[in-house]
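# Secondary and tertiary structure notes
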Amino acid sequence: MSLLERLEAGPVICAEGYLFECERRGYLQAGAFVPEVVLEHPEVVAELHREFVHAGSDVVEAFTYYAHREKLRLIGREGDLEPLNRGALAIAAEVARDTGALLAGNVSNTNVFVPEDSTRQAVREMFDEQIGWAVDAGVDFVIGETFSWWEEASIALEAIKATGLPAVITLAMHQEPVTRDGLAPEEACRRLEDAGAAVVGLNCIRGPQTMMPMLRAVRAACSGYVAALPVPYRTTEEQPSFQSLRDPHYDPPGDRPFPTALDPFVCTRYELGDFAREALELGVTYLGVCCGAGPHHIRAVAEAVGRQPPASRYSPDMSKHAFLGTDESLKAEYQSYAERL
């Protein structure tokens, strides 16, 4: 089924978070966060795609986030722009074919956009390049994500619509409760929906606790399909973005935990499940987890909306734990000792 057919039938789960997971595994450098791993270790990217689908993702999203001309220029690899994009799409396409998942192209914030005509044209050209390669690869739809400027998101939407493919457009809200061009997220999403996006919503930057209030407003303002893909970190009203988190127990390099010392703030899988359940009750049906996500988070989202992906075979069952279990065959001496653990 197509993306829209699957959404009509029920929730669609999309795993994101490839940058952080590849960095944790030692295949990508924090800072520039360019997905060089696509060229240098394509087998790692393929395996991560498969792990996310195994955990419940309905979408294989080509790892072309930050694979645009500006990011590659920054690290002196602009000549690898096309091979990296085509390689990422080929890896994703193979996994999607093997698993029956949807294949998604991807464009993202360019980090060069400002509301001036010169950058508008440059940004559109960057999007057109990547989307053109995605079309060549036969993607089912294109994701435009992590936009803090509404106008940049609208440029991405225009570029995707020009191909005739469905567009999923998500905004990233930082500490301020408005986009960088001053729109409340619900107003920005409503405008994107009116302009023809198949799905609109929020991704990245905010964890479940600080994304949910905005998500409620977006759901109330929009009549179509809405997306929610938080980061799996315990952001708070005082520190609403994962960049703004501060650790009172340890002062990491750079004076902030983001991006490589966020471990103390990681949400449990159960918190992500609770978020997905609440979002679904609101009528949000395009669900996932962004930067920091692991397959266990995706499985929790899938199970929270009533799915049993292949990875559910290995969901926790503490009944047989030597100390904490309840199985009758367990030694009573060990169960009684559990209080002293």
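Now for a look at the structure at hand. Computed from a prediction, not measured in an experiment: that's the story for all the values here.

### Overview of the pattern of salt bridges
Within this structure, the stated rule accounts for 24 salt bridges. For Glu40, the salt bridge goes to Arg77, with nearest N and O atoms at 2.9 Å. In this pair, Glu40 is assigned in helix α3 (residues 37-40) and Arg77 in the loop between α5 (69-74) and α6 (81-99), connecting sequence segments 37 residues apart. Several salt bridges converge on common partners, so that one network encompasses Glu21, Arg24, Arg25 and Glu51.

### Looking at the packing of aromatic side chains
The tally for this structure, following the rule as stated, stands at 12 aromatic pairs. The interplanar angle of 20° and the centroid separation of 5.9 Å between the aromatic rings of Phe20 and Phe242 together place this pair among those described as stacked. Here Phe242 lies in the loop between β7 (225-229) and α11 (269-282) and Phe20 lies in helix α2 (residues 18-24), a separation of 222 residues in the sequence. Looking at Phe20, the relative accessible area reads 6%, which means it is buried. Relative to Phe147, the ring of Phe127 lies with its centre 6.0 Å away and its plane at 85°, an arrangement referred to as edge-to-face. In this pair, Phe127 is assigned in helix α7 (residues 117-136) and Phe147 in strand β4 (residues 141-147), connecting sequence segments 20 residues apart. For Phe147, a relative accessible area of 0% corresponds to the buried category. Members of the aromatic cluster, joined through ring pairs, are Phe20, Phe33, Tyr233, Phe242 and Phe258. When the ring centre of Tyr66 is taken as reference, the NZ or CZ atom of Lys71 above it lies at 4.1 Å. It is Arg191 that lies over the ring of Trp150; its NZ or CZ is 5.3 Å from the centre.

Rules used throughout
- Residues numbered from 1 in each chain as written.
- Predicted model: local features only at pLDDT ≥ 70, side-chain atom pairs only at ≥ 80, totals over all residues.
- Heavy atoms only, no water.
- Salt bridge = Lys/Arg side-chain N within 4 Å of Asp/Glu carboxyl O.
- Helix = DSSP H or I, 4+ residues; strand = E, 2+ residues; numbered from the N terminus.
- Phe/Tyr/Trp six-rings, centres within 6.5 Å; stacked < 30°, edge-to-face > 60°.
- Buried < 20%, exposed > 50% of the residue type's maximum accessible area, 1.4 Å probe, protein only.
- Lys NZ or Arg CZ within 6 Å of the ring centre and 35° of its normal.

Everything listed is a geometric property; what it means functionally is a separate question.
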